[in-house]
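Notes for the structure review
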Amino acid sequence: MFGGQDSQKWTTFVRSASLTLTPTPRLSFRTQICFTATTDSSTMEDTQLTSTQHNQSLVFAVNGERFELSNVDPSTTLLHFLRSHTRFKSVKLGCGEGGCGACNVLLSKYDSKLKQVEDYTVSSCLTLLCSVNACAITTTEGLGNIKDGFHSIHQRFAGFHASQCGFCTPGMCVSLFSALVNSEKTHRHEPALGFSKLTASEAEKSISGNLCRCTGYRPIADVCKSFAADVDMEDLGLNSFWKKGAKLDKLPFYDSKQITTYPEFLKNEYKTTGVLSHQNNSWYSPLSIEELMSLVEYSSTDNGVMVKLVAGNTGIGYYKETEQYDKYIDLRFIPELSTIKKDGSHIEVGATVSISKLILALKEEKNDDGLCLETNMVFKRIASHLEKIGTESIRNVASIGGNLVMAQRKNFPSDIATVLLAVKAKVSILTGVKREILTLEEFLENPALDSRSVLLSVFIPWLKPTKNGYSEKSNTEIIFQTYRASPRPLGNALAYLNAAFLAEISVCDSGVGINSIRLAFGSFGVKHAISASTVENFLVGKTLSVDLIYEAVKLIRVSVSPESGTTHPAYRSSLAVSFLFDFLWPLVKADGTCNSPGIRSRMTFDHTETTTLLSSAKQVIESSHEHYPVGEPIVKSSAAIQASGEAVFVDDIPSPLNCLHGAFIYSTKPLARVKGVKLKSEKDVNSVITFQDIPKGGDNIGAKTLFGPEPLFADELTQCAGQLIAFTVADTQKNADVAADTAMVDYDIEDLDPPILTVEQAVKKSSFFEVPSIVSPSQVGDFSKGMAESDHQIHSAEIQLPSQYYFYMETQTALAVPDEDNCIVVYSSIQVPEYAQSVIARCLNIPEHNVRVITRRVGGGFGGKALKAMPVATACALAAYRLGRPVRTYMNRKTDMIMAGGRHPMKINYTIGFKSNGKITALHLDILINAGMSTDVSPMLPWNVMAALKKYNFGALSFDFKVCKTNHSSKSAMRAPGEVQGSFIAEAVIEHVASHLSLDPGFVREVNFHSFNSLKLFYGVGAGEPLEYTLPTLWDKLMKSSNFDNRVEKVNKFNKNNIWRKKGVSRIPILHEVLLRSTPGKVSILRDGSVVVEVGGIELGQGLWTKVKQMTAYCLKAVQCDGTDGLLEKVRVIQADTLSMVQGGFTSGSTTSEASCEAVRLCCNVLVERLVSLKEKLKEQMDSVTWELLITQANIHAVNLSASSFFVPEFTSMRYINYGAAVSEVEVNLLTGETKILQTDIIYDCGQSLNPAVDLGQIEGAFVQGIGFFMLEEYLTNSDGLVIADGTWTYKIPTIDTIPKQLNVQILNSGYHKNRVLSSKASGEPPLLLAASVHCATRSAIKEARNQLCSWKGLDGSDSMFQLDVPATMPVVKTLCGLDNVETYLRSLLSSS
Ligand SMILES: Cc1cc2nc3c(=O)[nH]c(=O)nc-3n(C[C@H](O)[C@H](O)[C@H](O)COP(=O)(O)OP(=O)(O)OC[C@H]3O[C@@H](n4cnc5c(N)ncnc54)[C@H](O)[C@@H]3O)c2cc1C
Ligand code: FES
Ligand code: FES
């Protein structure tokens, strides 16, 4: 069986279209047939295939279907092929650089000699199509589907509520599937039926290279663990399979035998591709070094021929190539380059051997191979280091040689170069006929390898005794350790610094002597990895002591010195100190004596080391059955088809005939005249659209809000770096992207004022946006009076808060199709279709009824697909209108990140007055908000900041906001816009007061809690009724459920007993005010009794459709006829269509789900009223009136079965407050600055949740997004304001290894709420604010570190008056813990001895 389909269906599949293939002799190699083709990759559908030409064509299978292509542009990626030329659209483009896992597919190869299939994941965005010859590709569609039945992976993703927007889900499914397939090949015990051979830890790790921006990973981890042989079923989280009593038979059955990944038909036709030709470029697969060298030689002498040697092709993930090569030479079929050989002195690793294969080989080395214990240990440590390179799908194809060549030629910050440098590896290079062996050091230092040279192999030496030998009895030992400090512990992040140290030591009575030592460092902003010879020379021959280590670390700080321009240079140098200290310190006792015996046992790789689970969790929900099925944790609508890849996102809609593709040219200058735009090459470009293409009478408008319009393109003057200037339109997305990327914009800045790039400059120039009084927050009390009442005051303290990027997994996308009579249909991934409709109409100067904007689902929005999606839709519409052809765009991640704007950065200055007991009597804030170049929703920010900041009773509260207009990209709403900053500022104030008074911050929080009266004073009607103020209850409950006091005690104890790790724990409350807005709904009952629903709200992954379905079923049930229990299954919510449902408004602010539910409730009430009287009449005639019968009769009696509504919330109850609280416990590593989140406990009041599973997903997902803001994500710009954190390499959202190791969430059902929709409360944004608990806990741990530092310096007292920046990244944390804390510690020991 293949994915549940009969294997007989694997009949030969031949694409049917025509193309003339003309054999053209080219080179005198083994296979000499080239085809001159008449198509390119964009028209590959036209490729004709013939059964006689197998040898020269590319044959492979996708989900069991056979593909044979003889005309392939060698630069075509597998992702492009699958998405553009097959029906398998589940492979998603999330980044195009190997960093997100959305495009993962399973690649299977057959080894005809061993008769074995090898299966592994690859990033299809980096895999070249030509390299998959004879391979079978499995995407998530290949596992199952809605018609033939879903795979248990799909079913469990749905049932564990592990898919929200669904854009990451296909890639996740494939990663898990690959782990399952490979676990079956192990020789482990047969697991119980229905389980795999995976351990829970391995299962969870299988998705460590996949990003998800919605779920927070916990439910995905549960899906993975549910397949594991050693899982404790009771530990699995909330799911739809059981309410109580976890049992395997309730889970969708997993049958490991069902899986076949390599179709039989492909086994018989394995051949190398030989030569594949396409127009002017070809793909070669030489089988020997000789063939290879003549190819290289031939090409390089052929003037101007661009040649690319290809192994795994992952290098393009980092060095985005726009060049077209004439020849691609696949190195992987040359035996010498692809094997691992061992002899008595080394392992020789062929250059194309993948990192994964090398890891296996290094791990497999056993003593009986003749290896000494030390060599074994070294190899295993190297393997363990290599496991942190990239992600599994990268390591599976990324070659050792490719990595070293990138390091050598382009200064790539390689880990491999560093670890191999430490063990004195050598490389073999072939240039022409000259073969030479170089030390890795020589290789790295040589001039960049020229295009004629090939790296053949790498020699990793076995350790040889240099002195006394390595016998167990000898006193000589080898120690080896590798290090890397990076934002993600499991990899998928380049290191700030990596290192590997190898030493031979002698242990004797007088101590530990260093016989030899090798200290390799890399990835710290130098050309390549280095060995720190000065320090090595200094240490050799000496006996270790505190003094010696002190001198050595001082020297290493100088040796490991990044080149100018490197970020965090001092931090990177301090890491070198930490690593060396960590390496040497276990060898000496504090008194300077030898720490032996037992060095070897401690330093030797621990074979029994088991990786602990990344996550564990508990969920407590209190659902209400009062409004069944509302209140049930039912599975998210579309979750299963999202998992199976059948859910259609905008870019999955097949291109209409003649469709063109667009890409944006943006400004790189903050303020300049645009004199012109020149394309590097006009070839392949259809048109360049600018503001001049706007039709007569149309406006240059790209977006609008209540506060005004925004331009689509810069006209003469560009106002920020990142502003859209033009839209290149070409026949393929790639051509449009390349044209935009290589376009030259001619700027002129003569006579222009300098741009405003800081809020301070904006203040100087009075460059502000007006805040209308209707949205201005009100001051509370009398600030001067409050200050006069205070015992203590803090004046002019400052906080800076940065921006954050949305990182929705689906980038901005739209498809515009011209229609008859001057109309246009635009498919857009947008949160506000209605506004896009209006903007497009104004831009094109056509009536709004000519514009139909359709949105079915959005692959993550978080506010970024509101305003910022409008110009994308409008540009497509304008180009389509202008050119009379469909135009679509799928924005690349870089452009998306550059234009997105993101969260508003702020500068806050505050003055506080407070009593000695911590009670704050007055707070004044001056807040400068950087709004960027245009208004967007920025005038709302002061209100939002204040709404969340007022969570404490600050006595008197005064403030001054300035919404600064600057020459930055326009900032927009991002999940909890302003609220997250406001809530954080409140905590910063509390922490500041606590530090000032040396009080516990938790105590100061409680002293400043609101009473209901003060709440009313601060929030007015939004405060609601006294019983609705549930925060004090939540606060107390959380203290008990999180065992808070006990944990504080444990943390204190831990901190006393540990020098280099400190823990912190913090509990914070949140208040988050939301506003209900009016919204439409429409419910129609069709003849068969099925129900179709339209709402204003858009499904962004937040579960809006699911709640709407539940509400519809609940309300229609009121008809009280037979069979209404199954109504839920009959309801379908359909895509938003601006001509069908008007006044759809914004989907934002957390309340759209409940407002849409209310709109639907109003419709259903009307329908019920219409149906009830008919039902009563029918009841008089028959015993049972079923739903179907009732509807049939309603049609006969001409009852109107469609009802529309427009829900308008009452003014007095449209605002309300949400409450929650969280405790987080963290552990900070004082040597590296790493913060581990050990545990988070959340309690959140959802009222009577409409769907607790959906709300849980919102709470966990928002919380983890908040962790990103507070701890990880640096949305950096250059000095012109141009975003430079523009991809997955530089922008690090949380991954499964950076979420809390234990995440416990309780959803409190706070009962009846008169003014709320069925007593429910919002959950979309408020929980994001709770992540400040992680930041506060980190601050608390740092406080401990700083106090310790003080004592080392011999200073009395504590050092708690410091600001911890947001995000609290590793460099930030380490800096506060002391970049020189190691030296300080050693000095303190030296001075006390
Ligand atoms: C998402 C991601 C994360 C990563 N993270 C890390 C990391 O944390 N640490 C780290 O060290 N690396 C990391 N890498 C780099 C990765 O290890 C390299 O991209 C990979 O090893 C290159 O091998 P390849 O086979 O894909 O090379 P290719 O991409 O095929 O080739 C790379 C370059 O080397 C040339 N080349 C390849 N083989 C030879 C040869 N034998 N002789 C001469 N020239 C040759 C090619 O022409 C090309 O110019 C990461 C890569 C990605 C995509
Ligand atoms: S799209 Fe390929 S890894 Fe992100
Ligand atoms: S569900 Fe994972 S990115 Fe949306």
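Calculation rules
Residues numbered from 1 in each chain as written. Chains lettered and ligands numbered in written order. Predicted model: local features only at pLDDT ≥ 70, side-chain atom pairs only at ≥ 80, totals over all residues. Heavy atoms only, no water. Helix = DSSP H or I, 4+ residues; strand = E, 2+ residues; numbered from the N terminus. Pairing = 2+ DSSP bridges. Near = heavy atom within 4 Å. Polar contact = N/O pair within 3.5 Å; in protein donor to acceptor, adjacent residues only side chain to side chain. Areas by Shrake-Rupley, 256 points an atom, 1.4 Å probe, with all protein chains shown as cover. 1 Å grid on protein atoms, 1.4 Å probe; cavity = no way out; pocket = protein on both sides within 12 Å on 5 of 7 lines; lining within 4 Å. Points joined across faces, edges and corners; volume = space filled by probe spheres on them. Nonpolar A, V, L, I, M, F, W, Y, C, P; charged D, E, K, R; others polar. UniProt positions renumbered as here; feature names shortened; annotations may be inferred. Contact = heavy atoms within 4.5 Å. Axes fitted to C-alpha atoms, helices over the stretch in contact; angles between N-to-C directions. Phe/Tyr/Trp six-rings, centres within 6.5 Å; stacked < 30°, edge-to-face > 60°. Buried < 20%, exposed > 50% of the residue type's maximum accessible area, 1.4 Å probe, protein only. Expected span 1.5 Å × (residues − 1).

**As for unusual backbone geometry**
Residue Y628 is joined to P629 through a cis peptide bond whose omega torsion reads 0°. Within the secondary structure, P629 is located in the loop between β21 (616-621) and α19 (639-643). The omega torsion of the bond from V1366 to P1367 falls at -5°, within 30 degrees of zero and hence cis. With respect to the helices, strands and loops of the structure, P1367 is situated in the loop between α37 (1332-1352) and α38 (1370-1378). Unlike most non-glycine residues, Q1143 shows phi in positive territory, near 60°. Summarising the element assignment, Q1143 is placed in the loop between β43 (1136-1137) and α34 (1152-1181). In the Ramachandran plot, S1150 falls in the positive-phi region, its phi being about 75° despite a non-glycine side chain. By the element assignment, S1150 lies in the loop between β43 and α34.

**Let's talk about the sheet that holds strand β38 (residues 956-965)**
Sheet strands pair by backbone hydrogen bonding; their relative direction is either parallel or antiparallel. The five strands are arranged β30-β38-β37-β36-β31 in an open sheet whose pairing can be described as mixed. Edge positions in the sheet fall to β30 (768-769) and β31 (792-801), since each has one partner strand and no second. As judged from the two bridges shared by β30 and β38, these two strands associate in the antiparallel manner. From the neighbouring strand, F769 faces β38, where its bridge partner is V963.

**Looking at the site of ligand 1**
Taken together, 35 residues form the shell around ligand 1, and within it L309, G312, T314, S399 and D415 come nearest. Within the side chain of T314, a nitrogen or oxygen atom sits 2.6 Å from an oxygen atom of ligand 1. S399 places a side-chain nitrogen or oxygen 2.6 Å from an oxygen atom of ligand 1. Coverage of ligand 1 by the protein chains reaches 96% of its 970 Å² of free accessible surface.

**Digging into empty space enclosed by the protein**
Scanning all chains against the criterion turns up ten cavities of 30 Å³ or more. Together, 18 residues line the largest cavity, and E710, P711, K868, P871 and S970 are the ones closest to its centre. When grouped by side-chain class, the residues that make up the lining of the largest cavity number nine nonpolar, six polar and three charged. Roughly 100 Å³ of volume is contained in the second largest cavity. Together, 13 residues line the second largest cavity, and S163, Q164, K636, A1253 and V1254 are the ones closest to its centre. Examining the composition of the lining of the second largest cavity, we find that four residues originate from one element, helix α36 (residues 1252-1272), more than from any other. When its residues are assigned to classes, the lining of the second largest cavity shows four nonpolar, eight polar and one charged.

**Details of the UniProt feature "active site" (unreviewed entry) in the protein**
On the UniProt side, "active site" (unreviewed entry) is annotated at positions that read E1325 here. Along the polypeptide, E1325 turns up in the loop between β47 (1302-1308) and α37. Those residues within four positions of E1325 in sequence are excluded, and the remaining contacts are R975, A976, P977, H1072, G1149, S1150 and A1262. One polar contact links E1325 to S1150, side chain to side chain, over a distance of 2.7 Å.

**A closer look at the sheet that holds strand β4 (residues 65-69)**
Pairing within the open sheet is mixed, and its five strands lie in the order β4-β3-β7-β5-β6. Edge positions in the sheet fall to β4 and β6 (116-123), since each has one partner strand and no second. Sheet twist, expressed as the mean angle between neighbouring strand axes with direction ignored, is 25°. Sheet topology note: the strand β5 (residues 104-111)/strand β7 (residues 136-138) ladder contains three bridges and is antiparallel.

**Quick notes on the packing of aromatic side chains**
The full count for this structure, using the stated rule, is 43 aromatic pairs. Summarising the aromatic geometry, the rings of Y318 and W1289 are spaced 4.6 Å apart at their centres and angled 80° between planes, so their arrangement reads as edge-to-face. Highlighted residues: Y318 in the loop between β10 (307-310) and β11 (327-330) and W1289 in the loop between α36 and β47, separated in sequence by 971 residues. Since its relative accessible area comes to 27%, Y318 is described here as partly exposed. Look at F664 and F727: their rings are 4.7 Å apart centre to centre, the planes differ by 45°, and that puts the pair in the tilted class. Of this pair, F664 sits in strand β22 (residues 660-666) while F727 is found in strand β28 (residues 724-730), placing the two residues 63 residues apart along the sequence. By relative accessible area, which is 0% here, F727 ends up buried.

**Topic: helix α24 (residues 870-883)**
End to end, α24 covers 20 Å across 14 residues, agreeing with the expected 20 Å (1.5 Å per residue, within 8%). Within α24, eleven of the 14 residues are buried, which leaves the element mostly enclosed by the surrounding structure. Taken together, the buried positions of α24 are occupied by M870, P871, V872, A873, T874, A875, C876, A877, L878, A879 and A880.

**Details of the UniProt feature "binding site: Mo-molybdopterin" (unreviewed entry) in the protein**
Within this numbering scheme, the UniProt entry marks Q831, F862, R975 and G1149 as carrying the feature "binding site: Mo-molybdopterin" (unreviewed entry). For the annotated residues, spread through 319 residues, the largest C-alpha to C-alpha distance comes to 12.6 Å, consistent with a single compact locus. Along the chain, Q831 turns up in the loop between β33 (823-828) and α23 (833-844). Residue classification places Q831 among the buried positions, given a relative accessible area of 2%. In this view, Q831 contacts G861, F862, G863, G864, K865, A866, I1098, L1100, G1145, F1146 and T1147; residues no more than four positions away in its chain are not counted. Of the polar contacts made by the side chain of Q831, one reaches the backbone nitrogen of G863; its length is 3.0 Å. Positionally, F862 belongs in the loop between β34 (851-855) and α24. Setting aside anything within four residues of it in sequence, one finds F862 in contact with R213, C214, Y806, Y808, Q831, A973, M974, R975 and Q1265.

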